[in-house]
Amino acid sequence: MKKPLLAAACAVCLSFGAATLANAQVAIRIGPPAPIREAVPPPPHPGWVWQPGYHRWDGARYVWSPGVYAEPPRPHARWVPGHYDHRNGGYFWVEGHWR
């Protein structure tokens, strides 16, 4: 009787720990450089949306990730680009998403 209860308690603790790590954010002390102006090529397919490039933090410096075209997940979906929030003395990346 004690083993199933212990196993269930461990599973709950592990799942909580994994969820907490998945939501962890890294505070970057140095602000990102200005975005690079990209030449936007024509879309590969009608209706595809341009997702602009951005500077990502690789743990030591910012690295440019170029923009790409993506197929919207549903009709009339709009892409909201990712951005850095400056708060609590650091910069935090907010992922882009479909709205």
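Each residue is numbered by its place in its chain's sequence as written, counting from 1. Only residues with pLDDT of at least 70 get local features here, since the model is predicted, and only at 80 or more are side-chain atom pairs given and counted; chain-wide, interface and lining totals rely on the full set of residues. Working from all heavy atoms in the structure, the side-chain values ignore hydrogens and water.

**Some remarks on the overall build of the protein chain**
1) Next: Helix and strand assignments come from DSSP, with helices taken as H or I runs of at least 4 residues and strands as E runs of at least 2, each series counted from the N terminus. A tally of regular secondary structure across the protein chain gives 1 helix and 8 strands.
2) Next: Buried means the residue's accessible area, taken with a 1.4 Å probe over protein chains only, is under 20% of the maximum for its type, while exposed means over 50%, and partly exposed covers the values in between. Per-residue burial for the protein chain yields a buried fraction of 16% across its 99 residues.
3) Next: Here the analysis covers contacts within the protein chain between residues at least 6 apart in sequence; of these, 45% occur between residues at least 24 apart.
4) Next: Values of accessible area rely on a 1.4 Å probe in the Shrake-Rupley scheme; residue burial ignores everything except the protein chains shown. Of the accessible surface of the protein chain, which amounts to about 7,900 Å², a share of 63% is contributed by carbon and sulfur atoms. Between two residues, a contact is recorded if the distance between any of their heavy atoms is within 4.5 Å.

**Considerations on the pairing of strand 3 (residues 62-65)**
1) Next: When DSSP finds at least two bridges between two strands, those strands are taken to pair. Bridge count for strand 2 (residues 54-57) against strand 3 is 4 bridges, and the pairing is antiparallel. By the bridge assignment for strand 3, Tyr54 is matched with Ser65.
2) Next: In textbook terms, the turn of a hairpin is the stretch between consecutive antiparallel strands, and for strand 2 and strand 3 this stretch comprises 4 residues, one of which, Gly59, has a positive phi near 105°.

**A few points about the confidence of the model for the protein chain**
1) Next: Taken residue by residue, the protein chain gives an average pLDDT of 86. The fraction at 70 or more is 77%.
2) Next: Confidence over residues 17-21 falls short of pLDDT 50; this stretch has 0 contacts with residues more than four positions distant or in other chains. Think of pLDDT as the predictor's per-residue confidence, scored from 0 to 100.

**Some words on the layout of surface pockets**
1) Next: Its boundaries defined by the atoms lining it, the largest pocket holds a volume of some 330 Å³.
2) Next: Together, 21 residues line the largest pocket, and Pro52, Gly53, Tyr54, Gly82 and Trp93 are the ones closest to its centre.
3) Next: Three classes are used: nonpolar for Ala, Val, Leu, Ile, Met, Phe, Trp, Tyr, Cys and Pro, charged for Asp, Glu, Lys and Arg, and polar for all others, with Gly counted as polar. For the lining of the largest pocket, the residue count by class is 12 nonpolar, 8 polar and 1 charged.
4) Next: Only protein atoms enter the calculation, which uses a 1 Å grid: trapped sets of points that fit a 1.4 Å probe without letting it out are cavities, open sets showing protein on both sides within 12 Å along at least five of seven lines are pockets, and any residue with an atom within 4 Å of a point is a lining residue. Grid points are joined across faces, edges and corners, and a volume is the space filled by probe spheres set on the points. In this structure, the second largest pocket encloses a volume near 170 Å³.
5) Next: Looking at the second largest pocket, the residues that line it are Gln25, Val26, Ile28, Tyr54, Arg56, Trp57, Tyr84, Phe92 and Trp93.
6) Next: Secondary structure elements with two or more residues in the lining of the second largest pocket: strand 2 and strand 7 (90-94).
7) Next: Classifying every residue of the lining of the second largest pocket gives 7 nonpolar, 1 polar and 1 charged.

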